[in-house]
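One letter stands for each residue in the lines below.
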Number of protein chains: 2
Amino acid sequence: MALIAPSRRIRRTPFSEGVEAAGVKGYTVYNHMLLPTVFASVEEDYHHLKSAVQLWDVACERQVEIRGPDASRLMQMLTPRNLSGMEAGRCFYVPIVDETGGMLNDPVALKLGEDRWWISIADSDLLLWVKGVVYGLRLDVLVDEPDVSPLAVQGPRSDALIEKVFGTEAAALRFFRFARFPFMGHDLLIARSGYSKQGGFEIYVEAGDRDVAMPLWNALLEAGAEFDIRAGCPNLIERIEGGLLSYGNDMTRENTPHECGLGRFCDTHSAIGCIGRDALLRVAIEGPIRQIRPIEIAGDRVPGCDRLWPLMAGETRVGRVSSAIWSPDHGTNVAIGMVRMTHWDPGTQLRVETSEGPRDAMVRGKFWN
Amino acid sequence: MALIAPSRRIRRTPFSEGVEAAGVKGYTVYNHMLLPTVFASVEEDYHHLKSAVQLWDVACERQVEIRGPDASRLMQMLTPRNLSGMEAGRCFYVPIVDETGGMLNDPVALKLGEDRWWISIADSDLLLWVKGVVYGLRLDVLVDEPDVSPLAVQGPRSDALIEKVFGTEAAALRFFRFARFPFMGHDLLIARSGYSKQGGFEIYVEAGDRDVAMPLWNALLEAGAEFDIRAGCPNLIERIEGGLLSYGNDMTRENTPHECGLGRFCDTHSAIGCIGRDALLRVAIEGPIRQIRPIEIAGDRVPGCDRLWPLMAGETRVGRVSSAIWSPDHGTNVAIGMVRMTHWDPGTQLRVETSEGPRDAMVRGKFWN
């Protein structure tokens with residue numbers, strides 16, 4: 001790890017002050033914004049996330065807002081997932097692809113109303129794609145990045161904390177549903193969602209709520225004391241164990257959703273008008289020739305995976321690993337790879353060329369959690 | 001400064017190995033890629049850049065490649081600068097705006113041929129805007145991010161080094177011209193350009209040249225020993241002194257080119273077909289109501305400028321500072337601000353609210369170098 005230089009281009013968030021006070025030790029940059037990566041240590045954060053409750057500054061999950069008469073039509077153009085039955089108040093995970101079927105982002109879409117959507121994006125300037133398409137097709141919508149900063153509450157004790165602060169109705173939200181709940185005179189949008197497998201919520205702090213951003217952070221920390229709350233962040237170990245993909249790490253514009261194991265979110269026949277449909281039709285029928293797989297890497301702790309590591313069968317390259325780390329709970333190195341179909345069956349023995357030399361590796365059938 | 005976590009999403013470059021061997025001490029993230037920010041110290045790097053020659057890994061200046069029958073037409077749509085007289089072999093600085101006239105990027109365009117262009121981008125996924133527009137308008141072009149990694153040679157002794165390694169013809173290149181020159185059996189595209197005011201060149205290392213990337217780095221370091229060459233990087237002090245703007249720092253989508261002092265690159269009447277023309281017509285005639293200005297900040301060293309600092313006239317906010325640092329050569333804090341027309345005249349005394357308290361500030365007529 002090296003130091004990251006301060007600049008306005010790498011944006012702070014409404015919660016940065018809280019993150020700093022909590023002793024953040026590392027960052028990454030995500031959508032031109034600071035995203036914490038470690039507080040105590042990646043392993044301590046991990047054990048704590050799996051047993052208690054954490055507060056995450058995920059303001060970097062920026063929103064692309066789409067408003068206007070063509071909003072729903074545009075949303076369906078953007079993703080091969082069929083949105084026709086989607087009601088307001090729901091979140092949908094929507095792969096977004098270009099005209100070749102290549103992944104541009106894998107966000108969560110929130111339907112605020114028939115003519116208003118938010119797309120809560122992964123790390124690419126999806127706004128520019130949407131604006132370009134809208135310009136070219138002269139659609140009747142407004143597209144913008146409003147100043148909305150999600151704050152996540154994640155971990156098994158999230159429900160107890162949300163109930164304490166926002167009441168039973170908030171804690172009763174079903175998965176991927178959202179509604180508004182009052183806090184200090186503001187109606188905050190809260191969804192049951194988040195980038196972990198430990199359960200939790202995301203609170204969308206809008207521009208008009210900015211004066212309650214730090215009060216909210218502090219109120220949650222205070223109310224969470226009895227649940228052993230800490231500041232935290234998306235945890236690399238937990239996300240790999242849970243098979244949560246990361247755009248830019250595990251997939252890029254080079255990959256189709258099917259290669260990423262996201263074929264179940266592609267309704268290529270019924271998502272009428274979606275961009276990339278022609279390109280995806282054949283792969284939807286025949287399936288991809290390479291796909292994301294959980295990979296177990298033998299030996300002690302692997303180095304940080306800061307580049308693609310080739311997966312080899314003898315002298316043949318049959319795939320690559322894009323994320324990897326030691327899992328204390330499973331006593332092995334857990335990893336996410338993409339493997340050619342000739343070698344993707346569970347139990348297949350491969351070799352991975354890490355940046356510090358080769359290791360034995362095995363394709364697994366399922367992620368760990 | 002905090003530590004930056006390793007991940008494939010923050011891409012390494014073909015020169016990362018050389019950068020690490022040279023003892024890089026800090027990075028930023030630019031176009032999802034590592035960009036070094038300091039080697040010895042920002043001040044030592046600065047003195048050295050102004051007196052010798054440096055090798056910069058600017059692979060993060062990614063290229064958007066446009067190829068095909070509609071390439072030149074598309075390029076003219078993308079920028080309000082008139083490209084009709086531009087010949088192949090030339091570089092043009094081209095503000096790129098959206099339909100509202102808001103800056104999306106401020107890249108350098110290279111015209112490789114009538115139907116082939118590179119856009120050497122600042123920090124935003126311009127590729128997505130271009131792809132979106134092309135999709136919507138069904139233009140007959142291919143748009144992609146080829147794997148091209150610029151390596152910059154910057155500093156007053158750049159000419160001597162380039163002449164030694166590539167010959168007199170390369171050193172005779174005029175400003176913003178490029179041509180190809182042989183190196184170890186590869187024809188490398190070299191331009192006289194770069195993100196400093198100290199003179200120099202940028203060598204575009206393409207995918208097919210990747211095996212000579214580190215040999216090139218090493219050859220330049222070796223040949224440059226007699227010119228006191230060092231590994232370096234864009235230097236914050238030098239760029240502010242020279243008035244080199246940084247997209248995401250000094251300007252964003254909220255700003256028109258005219259606000260950024262880039263009106264001279266906007267040929268709003270003759271750049272037929274450019275996106276944003278309608279929005280910019282009035283501002284082109286009347287001028288902007290706020291504009292980029294050099295700002296001198298009194299007192300000793302200012303803290304790192306990692307957020308906008310308000311510029312105040314009494315109790316009225318009249319602008320903001322977006323980049324600031326201590327200049328050893330000028331014995332003052334140099335800064336880039338944007339100021340309302342009521343207060344932008346040279347000599348105007350203002351107050352800047354830095355993150356560590358207020359300071360006296362003064363609007364200057366010109367940048368320092």
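Predicted model only: the values in this text are computed from it and were never measured.

### Side note on the overall build of chain A
Here's step 1: The secondary structure content of chain A amounts to 9 helices and 22 strands.
Here's step 2: Taking 369 residues into account, the globule formula puts the C-alpha radius of gyration at 21 Å, and chain A, at 21 Å, falls close to it.
Here's step 3: Once the C-alpha set of chain A is aligned to its principal axes, its extents read approximately 65 × 50 × 40 Å.
Here's step 4: Across the 369 residues of chain A, 63% fall into the buried class.
Here's step 5: The contacts of chain A with a sequence gap of at least 6 include a subset with a gap of at least 24, amounting to 67%.

### Section: the pattern of salt bridges
Residue and element names in this part refer to chain A.
Here's step 1: Taken as a whole and assessed by the stated rule, the structure comprises 52 salt bridges over all chains.
Here's step 2: Glu-259 is the salt-bridge partner of Arg-290, the closest N and O atoms lying 3.2 Å from each other. You can see Arg-290 sitting in strand β17 (residues 290–297) and its partner Glu-259 sitting in the loop between α8 (236–241) and α9 (277–286), a full 31 residues away along the chain.
Here's step 3: Among the ionic pairs, Asp-306 bridges to Arg-307, the shortest N-O distance being 2.9 Å.
Here's step 4: A residue is classified by how much of its surface remains accessible, and Arg-307, at 32% relative accessible area, is partly exposed.
Here's step 5: The network of salt bridges with common partners includes Arg-11, Arg-62, Glu-145, Asp-147 and Arg-210.

### Digging into the domain arrangement of chain A
Here's step 1: Structurally, chain A comprises domain 1 (16–60 + 147–239), domain 2 (63–144) and domain 3 (289–369).
Here's step 2: Averaged C-alpha coordinates put domain 2 of chain A and domain 3 of chain A at centres separated by 33 Å.

### What to know about the interface of chain B and chain A
Frequently, the measure chosen for interface size is the accessible area removed from exposure when the parts meet.
Here's step 1: Listed as interface residues are 54 residues of chain B and, on the opposing side, 54 residues of chain A.
Here's step 2: When the two sides are added together, the surface that chain B and chain A hide from each other amounts to roughly 4,800 Å², 58% of it contributed by carbon and sulfur.
Here's step 3: There are 10 salt bridges connecting chain B and chain A.
Here's step 4: Of the charged contacts, one joins B:Arg9 and A:Asp123 as a salt bridge, the two residues approaching to 2.9 Å between their closest N and O atoms.
Here's step 5: The interface formed by chain B and chain A includes 25 residue pairs in polar contact (both at pLDDT 80 or more).
Here's step 6: At the level of elements, β1 (2–4), β2 (26–30), α4 (126–137) and β19 (316–327) of chain B are the ones that each hand at least two residues to the side of chain B that touches chain A.
Here's step 7: If one sorts the elements of the side of chain B that touches chain A by residue count, α4(B) sits on top with 10 residues.

### A look at the UniProt feature "binding site: substrate" (unreviewed entry) in chain A
Residues and elements named next belong to chain A.
Here's step 1: The UniProt feature table records "binding site: substrate" (unreviewed entry) at Glu-202.
Here's step 2: Following the sequence through the fold, Glu-202 ends up in strand β15 (residues 200–205).
Here's step 3: Assessed through its relative accessible area of 6%, Glu-202 is described here as buried.
Here's step 4: With near-sequence residues (within four places) excluded, Glu-202 lies in contact with Val-58, Glu-61, Leu-151, Ala-152, Leu-189, Ile-190, Ala-191, Ser-193 and Gly-194.

### Side note on the UniProt feature "domain: Aminomethyltransferase C-terminal" (unreviewed entry) in chain A
Here's step 1: The UniProt feature table records "domain: Aminomethyltransferase C-terminal" (unreviewed entry) at residues 290–363 of chain A.
Here's step 2: The distance from the first to the last C-alpha atom of residues 290–363 of chain A is 13 Å, and the span holds 0% helix and 64% strand.

### Notes on the sheet that holds strand β11 (residues 142–144) of chain A
Residue and element names in this part refer to chain A.
Here's step 1: Taken together, the 5 strands give an open sheet; going across it, the order is β6-β9-β10-β5-β11, and neighbouring strands pair in antiparallel fashion. Strand pairing shows two members of the sheet lacking a second neighbour, β6 (91–93) and β11, which therefore form its edges. The mean angle between the axes of side-by-side strands here comes to 20°, regardless of whether they run parallel or antiparallel.
Here's step 2: In this structure, strand β5 (residues 63–67) lies alongside β11, joined through 3 bridges in antiparallel fashion.

### A closer look at helix α5 (residues 158–166) of chain A
Here's step 1: Buried residues of α5(A): A:Ser158, A:Leu161, A:Ile162 and A:Phe166, and no others. Looking straight down α5(A), one finds that the buried residues subtend no more than 100° of arc, so they occupy a single side.

### Concerning the side chain of B:Ser322
All names here are of chain B.
Here's step 1: Within the secondary structure layout, Ser-322 lies in strand β19.
Here's step 2: Judged by relative accessible area, which is 1%, Ser-322 ranks as buried.
Here's step 3: Side-chain polar atoms of Ser-322 contact the side chain of Asp-250, separated by 2.7 Å.

### Quick look at the packing of aromatic side chains
Here's step 1: Taken as a whole and assessed by the stated rule, the structure comprises 14 aromatic pairs over all chains.
Here's step 2: Look at B:Phe367 and B:Trp368: their rings are 6.2 Å apart centre to centre, the planes differ by 65°, and that puts the pair in the edge-to-face class.
Here's step 3: A relative accessible area of 22% places B:Phe367 in the partly exposed class.
Here's step 4: The side chain of A:Arg293 reaches across the aromatic face of A:Trp344, ending 4.7 Å from its centre.

### Re the confidence of the model for chain A
Low pLDDT means the predicted coordinates in that region are not meant to be read closely.
Here's step 1: When the pLDDT values of chain A are averaged, the result is 97; 99% of them are 70 or greater.
Here's step 2: Our summary of model confidence lists the complex with pTM equal to 0.97 and ipTM equal to 0.97.

### What to know about the relation of the copies chain B and chain A
Here's step 1: When chain B is fitted to chain A, the residual RMSD is 0.0 Å, and the transformation amounts to a turn of 180° plus an axial shift of 0.0 Å. Here the symmetry operator amounts to a two-fold rotation axis.
Here's step 2: When the interface residues of chain B are mapped onto chain A, 100% of them again fall at the interface, so both copies present the same face.

### Here's the deal with the state of the cysteines
Residues and elements named next belong to chain B.
Here's step 1: In the structure shown here, the tally under the stated rule is 0 disulfides over all chains.
Here's step 2: Note on Cys-260: no disulfide assigned, nearest cysteine sulfur contributed by Cys-266 at a separation of 9.2 Å.
Here's step 3: Free cysteine: Cys-274, not disulfide-bonded; nearest cysteine sulfur from Cys-266 at 8.1 Å.

### A closer look at unusual backbone geometry
Here's step 1: Unusually for a residue other than glycine, A:Phe176 sits at a positive phi of about 65°.
Here's step 2: By the element assignment, A:Phe176 lies in the loop between α6 (168–171) and β13 (178–183).
Here's step 3: Positive phi values are uncommon outside glycine, yet B:His32 reaches one of about 60°.
Here's step 4: Mapped onto the elements, B:His32 comes out in the loop between β2 and β3 (33–38).
Here's step 5: We classify B:His32 as buried; its relative accessible area is 17%.

### Description of the pairing of strand β3 (residues 33–38) of chain A
Residues and elements named next belong to chain A.
Here's step 1: Most of β3 is tucked away, with 6 of its 6 residues classed as buried.
Here's step 2: By the bridge criterion, 5 bridges tie strand β2 (residues 26–30) to β3 in an arrangement that is antiparallel. Residue pairing in the sheet places Tyr-27 in a bridge with Pro-36 of β3.
Here's step 3: Between β2 and the antiparallel strand that follows it, β3, lie 2 residues; Asn-31 among them carries a positive phi value of about 50°.

### Some remarks on the sheet that holds β17(A)
Residue and element names in this part refer to chain A.
Here's step 1: Pairing is antiparallel around the closed barrel formed by 6 strands, whose spatial order is β17-β20-β19-β18-β21-β22. Taking each pair of neighbouring strands and ignoring which way they run, the sheet shows an average axis angle of 40°.
Here's step 2: Across 8 bridges, β17 lies against strand β20 (residues 332–340) in antiparallel orientation. Bridge assignment links Arg-290 to a residue of β20, and that residue is Arg-340.

### Quick notes on the nonpolar core
Here's step 1: By size, the foremost hydrophobic cluster in this structure holds 72 residues, and its most contacted members are A:Phe166 and B:Phe166.
Here's step 2: Non-local contacts of A:Phe166, meaning those with residues more than four positions away in its chain, are made with A:Phe181, A:Pro182, A:Phe183, A:Leu188, A:Ile190, A:Ile203, A:Leu216 and A:Leu220.

About the thresholds
- Residues numbered from 1 in each chain as written.
- Chains lettered and ligands numbered in written order.
- Predicted model: local features only at pLDDT ≥ 70, side-chain atom pairs only at ≥ 80, totals over all residues.
- Heavy atoms only, no water.
- Helix = DSSP H or I, 4+ residues; strand = E, 2+ residues; numbered from the N terminus.
- Rg over C-alpha atoms; globule rule 2.2 N^0.38 Å.
- Buried < 20%, exposed > 50% of the residue type's maximum accessible area, 1.4 Å probe, protein only.
- Contact = heavy atoms within 4.5 Å.
- Salt bridge = Lys/Arg side-chain N within 4 Å of Asp/Glu carboxyl O.
- Domains from an automatic or database assignment.
- Buried area = accessible area lost by both parts, 1.4 Å probe.
- Polar contact = N/O pair within 3.5 Å; in protein donor to acceptor, adjacent residues only side chain to side chain.
- UniProt positions renumbered as here; feature names shortened; annotations may be inferred.
- Pairing = 2+ DSSP bridges.
- Axes fitted to C-alpha atoms, helices over the stretch in contact; angles between N-to-C directions.
- Arc of directions from axis to C-beta.
- Phe/Tyr/Trp six-rings, centres within 6.5 Å; stacked < 30°, edge-to-face > 60°.
- Lys NZ or Arg CZ within 6 Å of the ring centre and 35° of its normal.
- pLDDT = per-residue confidence, 0-100.
- Least-squares fit on C-alpha atoms with pLDDT ≥ 70 in both.
- Disulfide = S-S within 2.5 Å.
- Core = buried A, V, L, I, M, F, W, Y, C linked by side-chain atoms within 4.5 Å.

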